[in-house]
Amino acid sequence: MRFYSLLLLITGSCWLATAATAQRRAIRDLTLLPEAQVELALKGNDYILAGFSLITNPNSSEGGTFAAGQLRLGYEHFWSEKWSGGATLRILGGGNNESGDFLGLSGNVTPGLLVRHTGKIGSLNFSQRLGLEYATQISSSLNNDNTDRAYARLRFDLDRVFPLSEKLALRPRIAYELATYLRLQRDEQELKERVVDFGNLRAELGVRLSPRVDFTPWVASQTRYFRGLPSLDMNGVIIRSGKANFITPLVGLDVRLTLPTKSANIDREALPTQH
């Protein structure tokens, strides 16, 4: 419990420090992000996942049509009750890079690896997920300078399952995830970037109707931490920092179908739909 309190204190301090040093803050339009998932349950808690999501902005000039999407594939193996690892592959489609797990992250083919640790804090489930991914742009329509880059993702989440009947259960959950580009080398004249590039705070309510069907409505606030050139006055004095936070409110709905195999456990506890 002391470790968890210290972890929250450090994470919160980093978030407040990042927000306090930013001189500009812009709120973008609400974005909708529904996703359909099919999960193949394997032995133990292992699984194979396929998910497809669409993205739309109801206030866009295009009439709120779905402009982009993401195909997500994954496999995860549990070495023990608390530790697991796996591989992922995400493919982004559409005419821009405003799709995927983090809006504004370039690259439309993104393989990755993950390791996860789960445990208990009283009656709550506590999870830590570390992922390494490499985003590669293969479409010339994605006009973005930040292409073909490796980055790390770290997520903490808390949830609890409330059984209401033999089949029906509710699973409220809150999660916070950070993503940062891996910068192994930087030219001396290259603009210094922010330590954290993306942040995502998500709250959801998982509703499990049966061992095979569940859905999860969720809301999130996603932040892109950007650094540009500062604004100078006629005397060369900085009047506005080049730091800016671009915040996007998100509303989503995940619908999942679980297909059990002969080797799958009957009492298998599935991960949340955010995986």
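Residues numbered from 1 in each chain as written. Predicted model: local features only at pLDDT ≥ 70, side-chain atom pairs only at ≥ 80, totals over all residues. Heavy atoms only, no water.

**Q** Break down the overall build of the protein chain for me, with residues and values.
**A** When helices and strands are counted, the protein chain shows one helix and 15 strands. Buried residues in the protein chain amount to 41% of all 275 residues. Sequence separation of 24 or more characterises 60% of the internal contacts of the protein chain that already satisfy a separation of 6 or more. Accessible surface, the protein chain as shown: approximately 15,300 Å² in total, 62% of it carbon and sulfur. (Helix = DSSP H or I, 4+ residues; strand = E, 2+ residues; numbered from the N terminus. Buried < 20%, exposed > 50% of the residue type's maximum accessible area, 1.4 Å probe, protein only. Contact = heavy atoms within 4.5 Å. Areas by Shrake-Rupley, 256 points an atom, 1.4 Å probe, with all protein chains shown as cover.)

**Q** Account for the environment of Leu 182, naming residues and giving values.
**A** With respect to the secondary-structure elements, Leu 182 resides in the loop between β10 (169-181) and β11 (198-208). Residues Leu 182 and Ala 152, spaced 30 residues apart in sequence, show a C-alpha to C-alpha distance of 6.8 Å. Residues in contact with Leu 182, not counting those within four places in the same chain, are Leu 132, Ala 150, Tyr 151 and Ala 152.

**Q** How would you explain unusual backbone geometry if you had to name every residue and give the values?
**A** One non-glycine residue, His 275, lies in the positive phi region at around 50°. You can see His 275 is positioned in the segment after β15 (243-260). Judged by its relative accessible area of 5%, His 275 falls in the buried class.

**Q** Outline the pattern of salt bridges, listing residues and values.
**A** Inspection of the entire model under this criterion finds 18 salt bridges. Arg 153 is the salt-bridge partner of Glu 177, the closest N and O atoms lying 2.7 Å from each other. Residue Glu 177 is located in strand β10, and its partner Arg 153 is located in strand β8 (residues 149-159); the two are separated by 24 residues in the primary sequence. Accessibility assignment for this pair places Glu 177 and Arg 153 in one class, buried. Three or more residues joined by partner-sharing salt bridges are found here, namely Arg 90, Asp 101, Glu 133, Arg 153, Arg 155, Asp 157, Arg 173, Glu 177, Arg 202, Glu 204 and Asp 254. (Salt bridge = Lys/Arg side-chain N within 4 Å of Asp/Glu carboxyl O.)

**Q** Describe the packing of aromatic side chains, listing the residues and the values that go with them.
**A** Across all of its chains, the model carries three aromatic pairs by this definition. Ring geometry for Phe 102 and Phe 198: centres 5.7 Å apart, planes at 45°, overall tilted. Of this pair, Phe 102 sits in the loop between β5 (83-94) and β6 (109-121) while Phe 198 sits in strand β11, and the two are 96 residues apart along the sequence. Note on Phe 102: relative accessible area 3%, which makes it buried. Classification of Phe 198 by relative accessible area gives buried; the value is 3%. For the ring pair Tyr 151 and Tyr 181, a centre distance of 6.4 Å and an interplane angle of 85° mean the geometry is edge-to-face. Linking Tyr 151 in strand β8 with Tyr 181 in strand β10, this pair joins segments that are 30 residues apart in sequence. Each residue in the set Phe 102, Tyr 151, Tyr 181 and Phe 198 is aromatic and connected to the rest through ring pairs, giving one cluster. In this structure, Arg 149 is placed above the aromatic ring of Tyr 181, and the distance from its NZ or CZ to the ring centre is 3.9 Å. (Phe/Tyr/Trp six-rings, centres within 6.5 Å; stacked < 30°, edge-to-face > 60°. Lys NZ or Arg CZ within 6 Å of the ring centre and 35° of its normal.)

**Q** Can you tell me about a nonpolar patch on the surface, naming the residues and giving the values?
**A** Taken together, the side chains of Val 38, Leu 40, Ile 48, Tyr 75, Phe 162, Leu 164, Leu 168, Leu 209, Val 213, Leu 257 and Leu 259 present a nonpolar region at the surface, about 840 Å² in accessible area. Put simply, the parts of the chain that give the nonpolar patch at least two residues each are β2 (31-41) and β15. As for its placement among the helices and strands, Leu 168 is situated in the loop between β9 (162-163) and β10. Residue Leu 168 is classed as partly exposed on the basis of its relative accessible area of 30%. (Patch = residues over 30% accessible without salt bridge, like charges linked within 9 Å, V, L, I, M, F, W, Y side chains within 5 Å.)

**Q** Can you tell me about the confidence of the model for the protein chain, naming the residues and giving the values?
**A** Confidence along the protein chain averages 81 in pLDDT terms, with 73% of residues attaining 70 or more. pLDDT under 50 marks residues 1-10. Its contacts with residues more than four places away, or in other chains, come to seven contacts. Predicted confidence is poor over residues 13-22, with pLDDT under 50, and the contacts of this stretch with residues over four places away or in other chains come to 10 contacts. (pLDDT = per-residue confidence, 0-100.)

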